[in-house]
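# Understanding the architecture of this molecule
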Amino acid sequence: MVTTVLKLIARRLLVAIPILLIVSALLFCVLRMLPVDPAAMSLPPNATIEEVEAKRREMGLDKPLPQQYLIWISDALHGDFGRSIALRRDAGSLVAATLPATIQLAVCAMIIAAILGVGGGLLLFHVRGTLLEPVVDLVSVLLLSIPEFLWGLILLFVFGVALQVLPFTGEVSPGLPIPHVAGFLLLDSLLVGRLDVFLSACSHLILPAVALGLAFSPTIMRVLRSSLFDIYHEDYIAQARLRGLSESRILLRHALKNASLPTLTLAGVQFGILFGGTLLVEVIYSYPGMGNLMVDAVRNADLPLIQAIGLTYCVVVLIINTMVDSFYVVLNPKLRVR
Amino acid sequence: MSAVLRSLRSARVLIALGMIFCIACCAVFAGYLAPHDPGDQNLLAILTPPAWAEGGDPSYPLGTDSLGRCVLSRLIYGARTAMLVAVFASLGAMIIGSILAHVSGYFGGAIDWIIGRLVDVWMSFPPVILSLILMVGLGVGLGKVILAVVLVDWTRFCRVLRAEVLVVTRHDYVAAARLLGFTHWQTIVREVLPATLPLLITLLSLEMAIAVVVEAILSFVGLGVGADQPAWGQMIADARQYVYQSPWNLLLPILAIFLTVLAFNLLGDGLRRTLDVRLAETGR
């Protein structure tokens, strides 16, 4: 099984490399459509035309577009993403400093989405054929109509502003130190033994993570329900019933196990979208992650930083897809033999 | 076509169409319905609460924002922005996506492979990030927002429809059409397209919901239709800074977005049931 998984990962990586190259080229072209001059932007406003020209040559902007792209991609492969124009810092290190916070948020949100999604899916399936079905069904359409962006604002309003029970700006309460070990605040605060920082970080993470989780749970719910419906037509469910197993045992031990496969595939696709959704939630809660960095970069037309962050989002999505595919092989015995 | 008419008997579809009709009326007749010009500032009356609350002014039924602009008028004109994006962006995405899907699924082979890889490349970007990057390149404006949504979301149509076209193309009646001397073009338009139409219509209404959300998101971040055009996302971004002084300003545009998205989702859900479309739910 290990070799199958390794082969699959190798194959996925082979596909990922051309995808990354094309994506980076597209990214590069779209951002070159901008009517701004990075050279002029990185100099003080009183710079002379000669100085701007010299800077353009230094930054390689006088070369043809394909050559510029090759220079950028070969630098990027060496870990050099250029310098942010607005922040005057290395774009790669800016991304590296904010990526862990975003990953932490996305993982917590995915766990919440999975719990709510599986719970809700079982509930949706359980009420089938009863009077409650249309009600629960309508609620699921209602939930589907609230994107993460609105959940973020609604939760901020209810729990932050109206009830004032949870904090809604930043990563920890102001005044508390932010330890740096691995970059993941929840982990780091425990590693340095600061329980107060850990609890503060948790309370700051609740609203953004729940907002994202709530937005992505309805799709998981509905897919789980429809795969459960499919599975209940299979012979082995009828057979389990003939063997006298209780309904709850059939549902949890036989049906759920098999229904989890299509749900997992969907959760993988969802995780990619959810990872993009962190951007809005970060902006709403002023959470210091990659999304906030991206929005600032976009507002400042900070090309090197936008390119670095865009590429990072893409790499993360490709990694997630590869991981989901490997899980799929591990969990699905039918795929192991090939 | 009779299936589409039959779907009009479904309660969901009727309720949804009613809601969409109301929102569309706001959008079309915004000039007659709005009590004020949405851009008119009254700096003597900023952040007034709705008329029913204490200190409310009856001439501003839903209060004013931080620049003293009428919230009700901005909501009504915001509906125009949202509906324009919903209709044109989803139609654009549908046209590109479904043409590529039909070509891909019908002809197969190398064309199918190329279009498939193109979709893969597109899908390796989270949609929010891709639309933001496109807006950076395109610049702000209503047309730019529509173009960005089309360029991001054609893959939704392409991926789902291609699978359907693949199934339909294998039917005997498609082969029969070819034997009768139909050209490929005639076969696709007269034999394949009618069979994929229910799925197409369902996807279209779901895409309208997505387009409304994307427009709100882009306006919220400040990369949407531009500052001179009222948009719900902009109203939210503005109200967020004054949430303690006037919570209504935040809640009303949220409600407007929610109701619009709900209407399109309800329509999509109702159509999916009545047209008996089996939709692989892969979400937004």
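All of these numbers come straight from a predicted model, not from anything done at the bench. (Residues numbered from 1 in each chain as written. Chains lettered and ligands numbered in written order. Predicted model: local features only at pLDDT ≥ 70, side-chain atom pairs only at ≥ 80, totals over all residues.)

## Side note on the overall build of chain A
Within chain A one finds 13 helices and zero strands. Tracing chain A from N to C terminus, the helices and strands come up as α-α-α-α-α-α-α-α-α-α-α-α-α. Seen through its C-alpha atoms, chain A measures out along the principal axes to roughly 85 × 55 × 40 Å. Relative to its 338 residues, chain A shows a buried fraction of 36%. (Helix = DSSP H or I, 4+ residues; strand = E, 2+ residues; numbered from the N terminus. Buried ≥ 20, exposed ≤ 12 C-beta atoms within 10 Å, placed from the backbone.)

## Notes on the overall build of chain B
A tally of helices and strands in chain B yields eleven helices and zero strands. Start at the N end of chain B and walk to the C end: the helices and strands fall as α-α-α-α-α-α-α-α-α-α-α. Along the first, second and third principal axes, the C-alpha set of chain B runs to 75 × 45 × 30 Å. Relative to its full complement of 284 residues, chain B shows a buried share of 50%.

## Section: the interface of chain A and chain B
In this assembly, 45 residues from chain A lie in contact with 39 residues from chain B. Counting residues per element, the side of chain A that touches chain B draws most heavily on helix α11 (residues 247-284) of chain A, which supplies eleven residues. Each residue belonging to the side of chain A that touches chain B can be placed in one class, and the counts come to 36 nonpolar, seven polar and two charged. (Contact = placed C-beta atoms within 7 Å. Nonpolar A, V, L, I, M, F, W, Y, C, P; charged D, E, K, R; others polar.)

## Looking at the confidence of the model for chain A
Taken over all residues, the pLDDT of chain A has a mean of 83, while the share at 70 or more is 96%. When pLDDT is averaged over each element of chain A, helix α5 (residues 91-126) of chain A comes out on top at 90 and helix α2 (residues 38-41) of chain A at the bottom at 68. (pLDDT = per-residue confidence, 0-100.)

## Quick word on the packing of helix α10 (residues 235-242) of chain A against α11 of chain A
All names here are of chain A. The geometry of α10 relative to α11 is characterised by a closest axis approach of 11 Å and an angle of 145° between their N-to-C directions. Handedness of the crossing formed by α10 with α11: right-handed. Taken together, the residues of α11 that come into contact with α10 (itself represented by Y236, I237, A240 and R241) are I250, H254 and A255. Broken down by class, the residue content of the contact of α10 with α11 amounts to five nonpolar, one polar and one charged. (Axes fitted to C-alpha atoms, helices over the stretch in contact; angles between N-to-C directions. Left-handed = near helix turned anticlockwise from the far one by under 90°.)

## As for the packing of helix α9 (residues 195-231) of chain A against α11 of chain A
All names here are of chain A. Where α9 contacts α11, the two axes come as close as 9 Å, and the packing angle between them is 155°. Classified by the angle between their axes, α9 and α11 sit roughly antiparallel to one another. In the crossing of α9 with α11, the sense of the turn from one axis to the other is right-handed. Taking contact as the criterion, the partners of P208, A211, L212, A215, F216, T219, I220, V223, L224, S227, L228 and I231 in α9 are, on α11, A255, N258, A259, P262, T263, L266, A267, Q270, L274, G277, T278 and V281. Taken together, the residues of the contact of α9 with α11 sort by class into 17 nonpolar, seven polar and no charged. (Parallel < 35°, antiparallel > 145°, perpendicular 65-115°, else oblique.)

## Things to note about the nonpolar core
Within the largest apolar cluster, 164 residues are counted, with the highest numbers of intra-cluster contacts made by I309 of chain A together with V149, V212 and I217 of chain B. Counting residues per element, this core draws most heavily on helix α9 (residues 184-221) of chain B, which supplies 19 residues. With residues near it in sequence (within four places) discarded, V149 of chain B still touches V85, A89, A93, S131, A211 and V214 of chain B. (Core = buried A, V, L, I, M, F, W, Y, C linked by C-beta atoms within 7 Å.)

## Remarks on helix α1 (residues 2-32) of chain A
Here α1 of chain A contains 31 residues, and its C-alpha end-to-end distance of 44 Å stays within 8% of the 45 Å for a straight helix at 1.5 Å per residue. Restricting attention to buried positions, one finds in α1 of chain A the residues A16, V23, L27 and V30 of chain A. Its buried side turned inward, α1 of chain A meets α13 (303-331) of chain A together with α5 (109-123) and α6 (127-138) of chain B. (Expected span 1.5 Å × (residues − 1).)

## Description of helix α7 (residues 142-169) of chain B
Residues and elements named next belong to chain B. Look at α7: 38 Å from first C-alpha to last across 28 residues, which is about the 40 Å you get at 1.5 Å a residue. The largest bend along α7 measures about 40° and falls at V152. Within α7, 20 of the 28 residues are buried, leaving the element largely enclosed by the surrounding structure. (Bend = angle between axes of the 7 residues up to and from the residue.)

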